[in-house]
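Fold and geometry: a report
Each chain is listed here by its residues.
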Amino acid sequence: MRIGYLQFEPVFGKPETNKQKIEQLLGKETFDLMVLPELSQSGYVFSSKNELEELAEEIPNGSFCSFLKKMSAEKEGFIVSGICERSGNNFYNSSILVSPDGKIETYRKLHLFYEEKLWFSPGNIPLTVHEIRHEQWGSARIGMMICFDWRFPEVTRILALKGAQIICHPSNLVMPHCQDAMITRALENHIFTITANRTGRDVKPDKQMQFTGKSIMVAPDGAVLKKSSEKAEEVLLIDIDPGLADNKNVNAFNDAFNDRRSDFYR
Ligand code: ACM
């Protein structure tokens, strides 16, 4: 199974430009599972609810969803992307899993970071594992989390306990520690992780934020499979066997899940 991420610099408030950038970067690449950054269609640094009204879209029929459905069908590959979601009068920092047949699953960020708390409602959908399948490469079980969710190890743990083999992690990271921490998240759960981060900065009249790039894919043994530089806009891919994540064996005496002392964790 061929998995990967797309690292790029979304332009704030320019969804059409961002779609073009994504389409251009995906180019002739073929993949089975591709992860894009958080809030890929809108950009990150909001200054008003008006901007959200303008940029957020309903799932599954908004224009970014339609674009991703088209890309997913063309490529015959699954796509996970961050998206600025509108649902009724609420806005969510969400992630969608788009299938080549047009089906969409949604996750809403549980742990909002910094000023996101001014703009978004916290996630309200249970952590869910989705099985994806294709006649050529078989099947895989994936879980979604978004950026700052990494700081709460329960998220990865619960997805892994529910059977996730691959964690898809759209991100707009601003602090330096997550990329290293993802090695631990992968190792402690014996799972694959794909952190798709953005590059560059969002500059507004009253504030700005710099993002850290360095997107990273990690194997269940903690090996770094691929890592980008801080600035590169690129797609990186690797072939994996998702079934490796089902083996929680540490050595002849230890199993990462069966050795848990859950009685003592309450
Ligand atoms: C973040 O959660 N976007 C830092």
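Summarised in this report is the structure supplied together with it. (Residues numbered from 1 in each chain as written. Predicted model: local features only at pLDDT ≥ 70, side-chain atom pairs only at ≥ 80, totals over all residues. Heavy atoms only, no water.)

1. Here we look at the sheet that holds strand S5 (residues 104–108)
Taken together, the six strands give an open sheet; going across it, the order is S5-S4-S3-S2-S1-S14, and neighbouring strands pair in mixed fashion. Of all the strands in the sheet, the pair left with one neighbour each is S5 and strand S14 (234–239). The average angle at which neighbouring strand axes cross in this sheet is 30°, direction not considered. Here strand S2 (residues 33–35) runs beside strand S3 (residues 78–87); their pairing, made up of three bridges, is parallel. Bridge pairing in S3 links Leu33 to Phe78. Here helix H1 (residues 15–26) sits on the sheet in contact with strand S1 (2–7), S2 and S14, set at roughly 140° to S1. (Pairing = 2+ DSSP bridges. Helix = DSSP H or I, 4+ residues; strand = E, 2+ residues; numbered from the N terminus. Axes fitted to C-alpha atoms, helices over the stretch in contact; angles between N-to-C directions. Contact = heavy atoms within 4.5 Å.)

2. So, the packing of helix H5 (residues 153–161) against helix H6 (residues 178–189)
Geometry of a packed helix pair, given as the angle between the helix axes and the separation of the axes. In the contact formed by H5 and H6, the axes pass within 10 Å of each other and the chain directions differ by 35°. In this structure, H5 crosses over H6, and the sense of that crossing is right-handed. For the pair H5 and H6, contact is made by Pro153, Thr156, Arg157 and Ala160 and by Arg185, Glu188 and Asn189, respectively. Considering only residue class, the contact of H5 with H6 consists of two nonpolar, two polar and three charged. (Left-handed = near helix turned anticlockwise from the far one by under 90°. Nonpolar A, V, L, I, M, F, W, Y, C, P; charged D, E, K, R; others polar.)

3. Overview of the environment of Asp101
When you line up the elements, Asp101 lands in the loop between strand S4 (90–98) and S5. A C-alpha to C-alpha distance of 17 Å links Asp101 and Thr30, two positions 71 residues apart in sequence.

4. Focus on the packing of aromatic side chains
If you walk through the whole model with that rule in mind, you get eight aromatic pairs. Relative to Tyr114, the ring of Phe113 has its centre 6.1 Å away and its plane inclined at 45°; by these criteria the two rings are tilted. Exposure remark for Phe113: the relative accessible area of 16% places this residue in the buried category. A network of ring pairs unites the aromatic residues Phe113, Tyr114, Phe148 and Phe152 as a single cluster. We note Arg108 situated over the ring of Tyr92; from NZ or CZ to the ring centre the distance is 3.9 Å. A cation sits over an aromatic face here: Lys248 above Phe257, 4.7 Å from the ring centre. (Phe/Tyr/Trp six-rings, centres within 6.5 Å; stacked < 30°, edge-to-face > 60°. Buried < 20%, exposed > 50% of the residue type's maximum accessible area, 1.4 Å probe, protein only. Lys NZ or Arg CZ within 6 Å of the ring centre and 35° of its normal.)

5. Focus on the sheet that holds strand S8 (residues 166–170)
Reading across the sheet, the six strands line up as S6-S7-S8-S9-S12-S13 and stay open at both edges, with mixed pairing between neighbours. Only two strands of the sheet have a single partner each, and these edge strands are strand S6 (129–134) and strand S13 (224–227). Going across the sheet, the axis of each strand differs from the next one's by a mean of 20°, ignoring polarity. Sheet topology note: the strand S9 (residues 192–196)/strand S12 (residues 216–218) ladder contains three bridges and is antiparallel. Each residue of the ladder has a partner; that of Ile194, found in S12, is Met217.

6. Description of the pairing of S1
Buried residues dominate S1, accounting for five of its six residues. In this sheet, S14 lies alongside S1 in antiparallel orientation, the contact comprising six bridges. What sits directly across from Ile3, in S14, is Ile238. Following the backbone out of S1, through H1 and into the adjacent parallel S2, one traces a crossover that is right-handed. (Right-handed = clockwise from strand over helix to strand, strands pointing away.)

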